[in-house]
Amino acid sequence: MAKLSIPIFWRVRKHLYTLEGRKCLECGRAHFPPKNSCPYCGSTKLVEYYPPKKGKLLVWTKLYETCDDRSAYRPIYIGLLQLGELRVVLPLTDIHDEGKLKPGIDVELVLRRYIEDGDTGLIYYGLKARPIF
Ligand SMILES: [Zn+2]
């Protein structure tokens, strides 16, 4: 997460903490982040969609290089997840044995620290996915 000002963070917090998406009433597909029109069919008939808090890991990768404000958290594991009807990219957490990370394992969403803003003292929390072994 790039540094956000406190007012911007306050406005986007619902999307960050709930993975609020939209589901199209025309084609039935869900998307995230929410948009005012369906990215698949263009319809504006949309309803809120909240994916389940548990899903599957599809693929993952590991980042060794990050921006400086995340250097304390290196390496960072990133996963593509299937959560209900949504595919979402999120950081992975609680990785104690990288050898157990396989496509198809179960994951659950948990709230974890992302970064700390030393200038403001604000600590950013967000959703990460924890493998369920
Ligand atoms: Zn649609």
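Everything numeric in this text was worked out from a predicted model, so none of it was measured.

Student: Got a sec to walk through the nonpolar core? Specific residues and values, please.
Tutor: Counting 22 residues, the largest nonpolar core has Leu-19, Leu-57, Leu-81, Leu-90, Leu-92, Leu-101 and Leu-109 as its most contacted members. Counting residues per element, the ones that place at least two in this core are strand E5 (76–83), strand E6 (86–92), strand E7 (106–117) and strand E8 (122–132). Ignoring anything within four residues of it in the chain, the contact list for Leu-57 reads Gly-79, Leu-80, Leu-81, Leu-92, Leu-101, Lys-102, Pro-103, Gly-104, Ile-105 and Val-107.

Student: Outline unusual backbone geometry, listing residues and values.
Tutor: Cis geometry is found at the peptide bond from Phe-32 to Pro-33, where omega equals -5°. With respect to the element layout, Pro-33 can be found in the loop between strand E2 (30–31) and strand E3 (46–49). The phi torsion at Leu-19 lies on the positive side, around 55°, for a residue other than glycine. Despite not being glycine, Asp-94 has its phi angle at roughly 60°, a positive value. Relative to the helices and strands, Asp-94 is located in the loop between E6 and E7.

Student: Describe the coordination of the zinc ion, with residues and values.
Tutor: Here the zinc ion is held by the protein donor atoms Cys-24 (SG), Cys-27 (SG), Cys-38 (SG) and Cys-41 (SG), which lie 2.3 to 2.4 Å from it. Considering all 4 donor atoms around the zinc ion, angles at the metal cover 100 to 121° and the coordination shape is tetrahedral.

Student: Describe the sheet that holds strand E1 (residues 21–24), and please don't skip the residues or the numbers.
Tutor: With antiparallel pairing, 3 strands are arranged side by side in an open sheet as E2-E1-E3. Only two strands of the sheet have a single partner each, and these edge strands are E2 and E3.

Student: Tell me about the pattern of salt bridges, and name the residues and values.
Tutor: Any two side chains of opposite charge can pair, so long as their charged atoms come close to each other. Under the defined criterion, the tally for this structure stands at 8 salt bridges. Put simply, Glu-20 and Arg-22 hold a salt bridge, and the shortest N to O gap is 2.7 Å. According to the relative accessible area criterion, Glu-20 is buried, its value standing at 3%. With a shortest N-O distance of 2.7 Å, Glu-98 and Lys-62 are connected by a salt bridge. Pair noted here: Glu-98 is in the loop between E6 and E7 and Lys-62 is in strand E4 (residues 54–63), with a separation of 36 residues, a long-range link.

Parameters and conventions
- Residues numbered from 1 in each chain as written.
- Predicted model: local features only at pLDDT ≥ 70, side-chain atom pairs only at ≥ 80, totals over all residues.
- Heavy atoms only, no water.
- Core = buried A, V, L, I, M, F, W, Y, C linked by side-chain atoms within 4.5 Å.
- Buried < 20%, exposed > 50% of the residue type's maximum accessible area, 1.4 Å probe, protein only.
- Helix = DSSP H or I, 4+ residues; strand = E, 2+ residues; numbered from the N terminus.
- Contact = heavy atoms within 4.5 Å.
- Donors = N, O, S within 2.8 Å, 3.2 Å for Na, K, Ca; no water.
- Tetrahedral: all angles 85-135°; square planar, octahedral: opposite > 155°, others 65-115°.
- Pairing = 2+ DSSP bridges.
- Salt bridge = Lys/Arg side-chain N within 4 Å of Asp/Glu carboxyl O.

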